[in-house]
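Below are the chains, spelled out letter by letter.
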Amino acid sequence: MGTVDRLLKATEDIWASYHEKPFVQGLKYGTLDQKKFRSYIIQDYWYLMDYTKVFAIGVAKSKSVEVMKLFAKYIQAILDGEVNVHNGYMADFGITQEELDHTPIQQDNRSYTSYMLSVAYRGGEAEILTAIFSCAYSYEVIARKIVEECPSAPEHPMYGRWVRGYITPRYTGNNGILKDMLERLTKDYTEEQLRYLEEIFTAC
């Protein structure tokens, strides 16, 4: 069993529960309160800012040019890709930079990003990739399940853009690159090291 399959196996019950969350169900059927989605967009903006910093730490921790380029590539992809999706919603909701600057990051959001950053500061390339992959791939899994259960979801006038963003060939292809690199970096990991990766993957 490869590293990624092991990580997914260890967290399959947790990941299965994602699909039952009221927020995800609301995205799927278009019934989510737009005020809640607006708040999510603001909080996710701040999440992405810290998420990008995790990649930046990965650049500093890289032991090869190849891995350094990978982390650097994703910094650009987030800032020019995922953030742009959010910019569209921010325009729809009339969210200004001033409002963002005056909206504090919520405690659960801060706890999550703080954990990811602590993993990045303490760990190496593989530990950083594990924290990143847990987040990145979970969005793809959620979006794919939404489409599987509600094929019209990508066309919803409000939430379809969110769903489509996480199943594009670019996004899923980038996840494939992360997966392949994680497998390569951990091919000689010991059982103890793999268990630690499971802890990170579960917590993220």
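Further up the page is the structure itself.
For clarity, every value in this text was computed on a predicted model and none was experimentally measured. (Residues numbered from 1 in each chain as written. Predicted model: local features only at pLDDT ≥ 70, side-chain atom pairs only at ≥ 80, totals over all residues. Heavy atoms only, no water.)

Run through the overall build of the chain, naming residues and quoting values.
Secondary structure assignment for the chain yields 11 helices and 0 strands. Counting from the amino terminus, the chain carries its helices and strands in the arrangement α-α-α-α-α-α-α-α-α-α-α. Here the chain, with 204 residues, has 46% of them falling under the buried criterion. A separation threshold of at least 6 residues defines the contact pool for the chain, and within that pool the share at least 24 residues apart is 81%. (Helix = DSSP H or I, 4+ residues; strand = E, 2+ residues; numbered from the N terminus. Buried < 20%, exposed > 50% of the residue type's maximum accessible area, 1.4 Å probe, protein only. Contact = heavy atoms within 4.5 Å.)

Can you break down the packing of helix α7 (residues 107-122) against helix α11 (residues 191-203) residue by residue, with the values?
It is the contact of α7 with α11, at a shortest axis distance of 10 Å, that shows an interaxial angle of 155°. Taken together, the axes of α7 and α11 are roughly antiparallel relative to one another. The interaxial crossing formed by α7 with α11 has left-handed handedness. For the pair formed by α7 and α11, the contact residues are Tyr115, Val119 and Arg122 on the first element and Tyr196, Glu199, Ile200 and Ala203 on the second. In the contact of α7 with α11, the residues fall into 5 nonpolar, no polar and 2 charged. (Axes fitted to C-alpha atoms, helices over the stretch in contact; angles between N-to-C directions. Parallel < 35°, antiparallel > 145°, perpendicular 65-115°, else oblique. Left-handed = near helix turned anticlockwise from the far one by under 90°. Nonpolar A, V, L, I, M, F, W, Y, C, P; charged D, E, K, R; others polar.)

Help me get a handle on the side chain of Thr3, residues and values and all.
Position of Thr3 among the secondary structure elements: in helix α1 (residues 3-10). Apart from residues no more than four positions distant in its own chain, Thr3 is found in contact with Glu183, Thr186, Leu194 and Leu197.

Go over the nonpolar core with me, naming the residues and quoting the values.
Counting residues in each nonpolar core, the largest one holds 60 residues, and the members touching the most others are Phe37, Tyr51 and Trp162. In terms of residue count, the dominant contributor to this core is helix α8 (residues 125-149) (12 residues). (Core = buried A, V, L, I, M, F, W, Y, C linked by side-chain atoms within 4.5 Å.)

How would you sum up the packing of aromatic side chains? Please name residues and give values.
Counted according to the given criterion, the structure contains 20 aromatic pairs. Taken together, a centroid distance of 4.8 Å and an interplanar angle of 75° make the contact between Phe37 and Tyr159 edge-to-face. A residue pair is termed long-range when its members are at least 10 positions apart, and Phe37 in helix α4 (residues 34-61) and Tyr159 in the loop between α8 and α9 (160-165) qualify at 122 residues. Of the residues examined, Tyr159 reaches a relative accessible area of 1% and is grouped as buried. Aromatic pair Phe55 and Phe71: ring centres 6.2 Å apart, planes at 70°, arrangement edge-to-face. Here Phe55 is found in helix α4, whereas its partner Phe71 is found in helix α5 (residues 65-93), with 16 residues between them in sequence. Note on accessibility: Phe55 and Phe71 belong to one class, buried. By the ring-pair criterion, three or more aromatic residues cluster together here, those being Phe23, Phe37, Tyr40, Tyr89, Phe93 and Tyr159. Across the ring face of Tyr89, the terminal group of Arg161 is positioned such that the distance to the ring centre comes to 4.2 Å. (Phe/Tyr/Trp six-rings, centres within 6.5 Å; stacked < 30°, edge-to-face > 60°. Lys NZ or Arg CZ within 6 Å of the ring centre and 35° of its normal.)

So what's going on with the environment of Leu117? Which residues, and what values?
Examined against the element boundaries, Leu117 turns out to sit in helix α7. With relative accessibility at 15%, the residue Leu117 sits in the buried group. For the pair formed by Leu117 and Ala16, sequence separation is 101 residues and the distance between their alpha carbons is 25 Å. Among all residues touching Leu117, those that are not within four sequence positions of it are Asp50, Lys53, Val54 and Ile57.

Provide a residue-level description of the packing of α7 against α8, including the pertinent values.
Two numbers describe how α7 lies on α8: the axes approach to 8 Å, and their chain directions differ by 155°. Considering their axes alone, α7 and α8 lie roughly antiparallel with respect to each other. Here α7 runs over α8; the crossing is left-handed. On α8, the residues that touch Tyr112, Met116, Val119 and Ala120 of α7 are Glu127, Ile128, Ala131, Ile132 and Cys135. Here the contact of α7 with α8 is composed, by residue class, of 8 nonpolar, no polar and 1 charged.

Any functional reading would require information that these geometric values do not contain.
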